[in-house]
Structure formats: C-alpha cells, structure tokens
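Structural characterization, general
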Amino acid sequence: MDKQLEKMIENRIRKVIREENALLLSAMNTGTSHSLQLYLQNHENAFELTQGLLTNREPEETEEELVEETEEEPPVIDYSQTKGIHKKTIQTAEIVADILREQGELRLVDLRDEVKRRGGDLGANPTIRMKSILKVSPVIKKSGHGRFKYEV
C-alpha cells in the first residue's frame, strides 16, 4: 500500500515538474526570440548610422524615427496564462487574432465560419472556446454581446 502511495506521489510530482518545465521553456523561447529580433533591428540600425558617419553623410533616419520603428504590437498569446489550456486552443487563438486584425470587429457566428475556412475549429460550443481564448490572448477583446475585436 505504501509503495502504491509513493509511486502515485512520485508520478504526480513528475507531472507537475514536466508542466512547469514546458511553461518555462515556452516563456524562455518567446523572450529569446523577441530579444534576438530587437537586437538584430538595433544592430542593423547602428550599422547604418555608423556607415553614414564614416562616409560623412547625414544619417537617413533620426533616433526618434528609429525608436518608433522598434515599437511592436503586443504578443498575440500571453504564454504565462497558457497553463491548462490545450495546444489546439492556443493555435485557434492565433487564427482568431489574425482574422480580427484583418477584418475588424466580428460576430461570433461570422468568426466561427472564418476560423473554419482557415482550418481551425471553435468546437461544439464556440462561446466557451472564446472564453479560453480571451484568457490567453490579451489582444482579443469582447466588444458586445456575441462580438469580438482585435485591440492593441
């Protein structure tokens, strides 16, 4: 009996550790990708400015313009909120965000049809699926009864 209890506790601990590791790796991957992208943008801009100084030319862009270019939209998915959310729901959230960004505010019925056209699925109860999507995606907002929009 004690061995069964120990084995059950051990399995539970392993499961929790696996989930936490997956969440941590996902957050690290997102952060690293974002940092690398910013570094490459800044490095490229610094290289262009240096080239302009070496050839005694005026830089084509001012620092203010460079700062404006590096500002980005917030991420579509907040990976810190994805614990317990199915991978398929996260993929659907990305599809929904793309649709709402392109088409603006949509009714749930129209959104469901468009998600189906793009290979996703909101399931048998789209209202419940959208509640899960709203939890993980900070850019998708409910704008009224049965309406959703993309908000930066």
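Anything mentioned here points back to the structure above.
Residues numbered from 1 in each chain as written. Predicted model: local features only at pLDDT ≥ 70, side-chain atom pairs only at ≥ 80, totals over all residues. Heavy atoms only, no water.

**What to know about the pattern of salt bridges**
The line we're drawing: Within this document, salt bridges are pairs made up of a side-chain nitrogen of Lys or Arg and a carboxyl oxygen of Asp or Glu, the two lying within 4 Å of each other. Under the DSSP-based scheme used, a helix requires at least four consecutive residues in state H or I and a strand at least two consecutive residues in state E, with every element numbered from the N terminus. Any residue under 20% of the maximum accessible area for its type is buried, any over 50% is exposed, and the rest in between are partly exposed; the area is computed with a 1.4 Å probe on protein chains only.
Counted under the stated rule, the structure contains 9 salt bridges. Of the charged contacts in the structure, one is a salt bridge between Arg-147 and Glu-105, with a shortest N-O distance of 3.8 Å. Placement of Arg-147 in strand β3 (residues 147-150) and of Glu-105 in the loop between α3 (87-103) and β1 (106-107) is noted, with a sequence separation of 42 residues between them. On the basis of relative accessibility, which here comes to 32%, the residue Arg-147 falls in the partly exposed class.

**Details of helix α4 (residues 108-117)**
As a reminder, the rule being used: Working note: the arc is built from the helix axis to C-beta atom directions. We call two residues contacting when some pair of their heavy atoms lies within 4.5 Å.
For α4, the set of buried residues is Leu-108, Leu-111, Glu-114 and Val-115. The arc that holds the buried residues of α4, viewed along the axis, is 125 degrees, so those residues lie on one side. Along α4, exposed side chains directed more than 90 degrees from the buried face belong to Lys-116 and Arg-117. Its buried side turned inward, α4 meets α3, β1, α5 (126-136) and β3. Gly-119, located one to two residues past α4, shows a positive phi value of around 95 degrees.

**Thoughts on the sheet that holds strand β2 (residues 140-144)**
Note the threshold: Pairs of strands are assigned from DSSP output, requiring at least two bridges between the strands. Only the stretch in contact is used when fitting a helix axis, every axis being a line fitted to C-alpha atoms; angles between N-to-C directions are given from 0 to 180 degrees.
Ordered in space as β1-β3-β2, the 3 strands form an open sheet in which the pairing is antiparallel. Either end of the sheet is taken by a strand with one partner, and the two such strands are β1 and β2. Looking at chain direction, β1 and β3 are connected through 2 bridges and run antiparallel. When the sheet's bridge partners are listed, Arg-107 is paired in β3 with Arg-147. Its contacts with the sheet put α5 on β2 and β3, and the angle it makes with β2 is roughly 130 degrees.

**So, the layout of surface pockets**
To keep it simple, the criterion reads: Computed over the protein atoms alone on a 1 Å grid, cavities are sets of points where a 1.4 Å probe fits but cannot get out and pockets are open sets with protein on both sides within 12 Å along at least five of seven lines; a residue lines them when it has an atom within 4 Å of a point. Grid points are joined across faces, edges and corners, and a volume is the space filled by probe spheres set on the points. Gly is put with the polar residues, along with every residue not named as nonpolar or charged; the nonpolar set is Ala, Val, Leu, Ile, Met, Phe, Trp, Tyr, Cys and Pro, and the charged set is Asp, Glu, Lys and Arg.
By volume, the second largest pocket is sized at about 220 Å³. Residue lining of the second largest pocket: Glu-19, Glu-20, Ala-22, Leu-23, Ser-26, Thr-82, Lys-83, Gly-84, Ile-85, Lys-87 and Ile-90, and that is the complete set. Listed by contribution, the elements that provide at least two residues to the lining of the second largest pocket are α1 (2-54) and α3. Considering every element that reaches the lining of the second largest pocket, the biggest residue donor is α1, with 5 residues. Grouping the constituent residues of the lining of the second largest pocket by class yields 4 nonpolar, 3 polar and 4 charged.

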